[in-house]
Amino acid sequence: IFSVIVCVGNLLMAEICGRVADAISFEFKDTRENCYMVLYLTAIALNVGLDLWTTYFMATQIMVGMDFRTEDGILLADVDSFVQKFESYALQRSMGQQLLEY
């Protein structure tokens, strides 16, 4: 069911980008296609960025809930810095696994 949701979302994104590019009423078809490409690229980049943020957020919550620690023995819940959280082995392993499955 997740794959169907992803496919429908991608189709909607392509359709919306196409309609926006058509609504601008460019004089040449090449310009319309360039606009569509930029809109679609922007939408895909935003989608990937949100996916990465969601993966990071979920991995952080799971690792904090399981009382994981950094290499220095500090609880992940007590770490405030994004860089320190991101550099912890547990979080990198979890995010790597999630991205591999993605």
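To be clear, the structure that these remarks concern was listed above.
Residues numbered from 1 in each chain as written. Predicted model: local features only at pLDDT ≥ 70, side-chain atom pairs only at ≥ 80, totals over all residues. Heavy atoms only, no water.

Peer 1: Account for the packing of aromatic side chains, with residues named and values stated.
Peer 2: Scanning the model with the defined rule gives five aromatic pairs in all. Centre to centre, the rings of Tyr36 and Tyr40 are 5.9 Å apart; their planes meet at 15 degrees, and the pair counts as stacked. One end of the pair is Tyr36 and the other is Tyr40, both in helix α2 (residues 29-65) and four residues apart, which spans about a single turn. Judged by relative accessible area, which is 26%, Tyr40 ranks as partly exposed. By the ring-pair criterion, three or more aromatic residues cluster together here, those being Tyr56, Phe82 and Phe86. (Phe/Tyr/Trp six-rings, centres within 6.5 Å; stacked < 30°, edge-to-face > 60°. Helix = DSSP H or I, 4+ residues; strand = E, 2+ residues; numbered from the N terminus. Buried < 20%, exposed > 50% of the residue type's maximum accessible area, 1.4 Å probe, protein only.)

Peer 1: An account of the pattern of salt bridges is requested, with residue identities and associated values reported.
Peer 2: A full pass over the atoms with the stated rule returns three salt bridges. A salt bridge links Arg19 to Glu15; the nearest nitrogen and oxygen atoms lie 2.7 Å apart. Residue Arg19 and its partner Glu15 are both found in helix α1 (residues 2-23); the two are separated by four residues, about one turn of the helix. Overall, Glu15 belongs to the partly exposed group, its relative accessible area being 41%. Taking the shortest distance from any N to any O, the salt bridge between Asp22 and Arg32 comes out at 2.6 Å. Note that Asp22 is positioned in helix α1 and Arg32 in helix α2, a separation of 10 residues in sequence. (Salt bridge = Lys/Arg side-chain N within 4 Å of Asp/Glu carboxyl O.)

Peer 1: Which residues make up α2, and what values go with them?
Peer 2: Here α2 contains 37 residues, and its C-alpha end-to-end distance of 53 Å stays within 8% of the 54 Å for a straight helix at 1.5 Å per residue. For α2, the set of buried residues is Arg32, Cys35, Ala43, Thr55, Tyr56, Ala59, Thr60 and Met63. In the core, the buried residues of α2 are packed alongside α1, α3 (82-87) and α4 (89-101). (Expected span 1.5 Å × (residues − 1). Contact = heavy atoms within 4.5 Å.)

Peer 1: A description of α4 should follow, citing residues and the corresponding values.
Peer 2: Note on helix geometry: an α-helix contains 3.6 residues per turn, so any two residues three or four positions apart are oriented the same way. With 13 residues, α4 extends 18 Å between its outermost C-alpha atoms, agreeing within 8% with the 18 Å of an ideal straight helix rising 1.5 Å per residue. Among the residues of α4, those classed as buried are Ala90, Leu91, Ser94 and Met95. Along the axis of α4, the buried positions cluster into a sector of 120 degrees, meaning they face one direction only. Set apart from the buried face of α4 by more than 90 degrees, the exposed residues are Tyr89, Arg93 and Leu100. Taken together, the buried residues of α4 touch α2 and α3. (Arc of directions from axis to C-beta.)

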